[in-house]
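# Close look at the chain arrangement
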Amino acid sequence: MIEPELIARLSTGRRIVTLERSLRTANEENRRLSITDPLTGAYNRRYLTEQLPREIERAARYGRQLATVMCDVDHFKRINDTQGHMVGDDVLRWFFTQLQNAVRSSDWVARYGGEEFLVVLPETNVANATVAAEHLRTQVAASPFPGVPGGLVVTASFGVAGWQSNVPQGSTFDALVALCDEGVYASKAAGRNCVTARPLD
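The notes below deal with the structure included here. Everything numeric here is computed off the predicted structure, so don't read it as measured data.

## A closer look at unusual backbone geometry
- The phi torsion at E123 lies on the positive side, around 60 degrees, for a residue other than glycine.
- Inspection of the secondary structure assignment puts E123 in the loop between β3 (116-122) and α5 (126-141).
- Given a relative accessible area of 48%, E123 falls into the partly exposed group.
- A positive phi angle, near 70 degrees, is found at R192, a position not held by glycine.
- Along the polypeptide, R192 turns up in the loop between α6 (173-189) and β5 (195-199).
- Residue classification places R192 among the partly exposed positions, given a relative accessible area of 32%.

## Points about the packing of helix α3 (residues 76-83) against helix α4 (residues 85-102)
- With their axes 7 Å apart at the nearest point, α3 and α4 run at an angle of 140 degrees to one another. Relative to α4, the element α3 is oriented oblique. Here F76, I79, N80 and Q83 of α3 come into contact with α4, specifically with H85, V87, G88, V91 and L92.
- Of the residues contributing to the contact of α3 with α4, the split by class is 5 nonpolar, 4 polar and no charged.

## Quick word on the packing of aromatic side chains
- Here the structure, examined in full by the defined rule, presents 6 aromatic pairs.
- Ring centres 5.2 Å apart and planes at 85 degrees place the aromatic pair Y47 and W108 in the edge-to-face group. Taken together, the residues span a long stretch of sequence, with Y47 in helix α2 (residues 45-62) and W108 in strand β2 (residues 108-113) at a distance of 61 residues. For the pair shown, Y47 and W108 are each scored as buried.

## Considerations on the packing of α2 against α6
- At their nearest, the axes of α2 and α6 sit 9 Å apart, and the two run at 105 degrees to each other. Here α2 is positioned roughly perpendicular relative to α6, judged by the angle of their axes. Contacts between α2 and α6 involve L48, T49, L52, P53 and I56 from the former and F173, L176 and V177 from the latter.
- Partitioned by chemical class, the residues of the contact of α2 with α6 number 7 nonpolar, 1 polar and no charged.

## Structural notes on α5
- Between its first and last C-alpha atoms α5 spans 22 Å; for 16 residues at 1.5 Å apiece the expected length is 22 Å, and the two agree.
- When we look at burial in α5, the residues that qualify are V126, A129, A133, L136, R137 and V140. Axial view of α5: buried residues confined to an arc of 100 degrees, hence all on one face.

## Some words on the side chain of K188
- With respect to the element layout, K188 can be found in helix α6.
- Of the residues examined, K188 reaches a relative accessible area of 19% and is grouped as buried.
- There is a polar contact of 3.4 Å between the side chain of K188 and the side chain of D72.
- At 3.3 Å, the side chain of K188 forms a polar contact with the side chain of D74.

## Considering the side chain of N44
- Relative to the assigned elements, N44 resides in the loop between α1 (4-34) and α2.
- A residue is classified by how much of its surface remains accessible, and N44, at 14% relative accessible area, is buried.

## Some remarks on the environment of A175
- With respect to the helices and strands, A175 occurs in helix α6.
- Judged by its relative accessible area of 33%, A175 is partly exposed.
- Separated by 25 residues in sequence, A175 and L200 have C-alpha atoms that sit 8.6 Å apart.

Cut-off values and rules
Residues numbered from 1 in each chain as written. Predicted model: local features only at pLDDT ≥ 70, side-chain atom pairs only at ≥ 80, totals over all residues. Heavy atoms only, no water. Helix = DSSP H or I, 4+ residues; strand = E, 2+ residues; numbered from the N terminus. Buried < 20%, exposed > 50% of the residue type's maximum accessible area, 1.4 Å probe, protein only. Axes fitted to C-alpha atoms, helices over the stretch in contact; angles between N-to-C directions. Parallel < 35°, antiparallel > 145°, perpendicular 65-115°, else oblique. Contact = heavy atoms within 4.5 Å. Nonpolar A, V, L, I, M, F, W, Y, C, P; charged D, E, K, R; others polar. Phe/Tyr/Trp six-rings, centres within 6.5 Å; stacked < 30°, edge-to-face > 60°. Expected span 1.5 Å × (residues − 1). Arc of directions from axis to C-beta. Polar contact = N/O pair within 3.5 Å; in protein donor to acceptor, adjacent residues only side chain to side chain.

What follows is the structure, given as structure tokens:
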């Protein structure tokens, strides 16, 4: 016959293991929420500003390539004004899904702000990133957003920045993102729904 004290200890041990698992799950969920944009499910700006500098530093340290692509949904205010903000939110979720489905598993997408997203492409030079951005652009433009009757053609303007060769020491997040942003503005000035590259070397 098992003594009551042993039964009590086993029961306490089971409760402790269950509580530890629950705590671990809760911590993982809190971590996920802290780095995720609540609307789209993309990584958020906080994650971007923490992780992209690390990607740049890693690439510089090990002599690797790196590029980024900024994507800005064209005429997003018009979508909100004509279709409503709920549809606008759906468009942003759909747009992120289009990007996520089209990039490699090693790439990642963060919401930069508003209707802007940044795609980070490790081990990729600026020329190949420009090809990837053009692929993203054509895929988005050729796939109407299905959330309204008859579909809604959504396009985006793209800015690509990165290095043709390996990332040099001293490269910064601010310089990389500023060139991406400059590329987006150039694409918008050229009529939108296009890609502009801004190499850093």
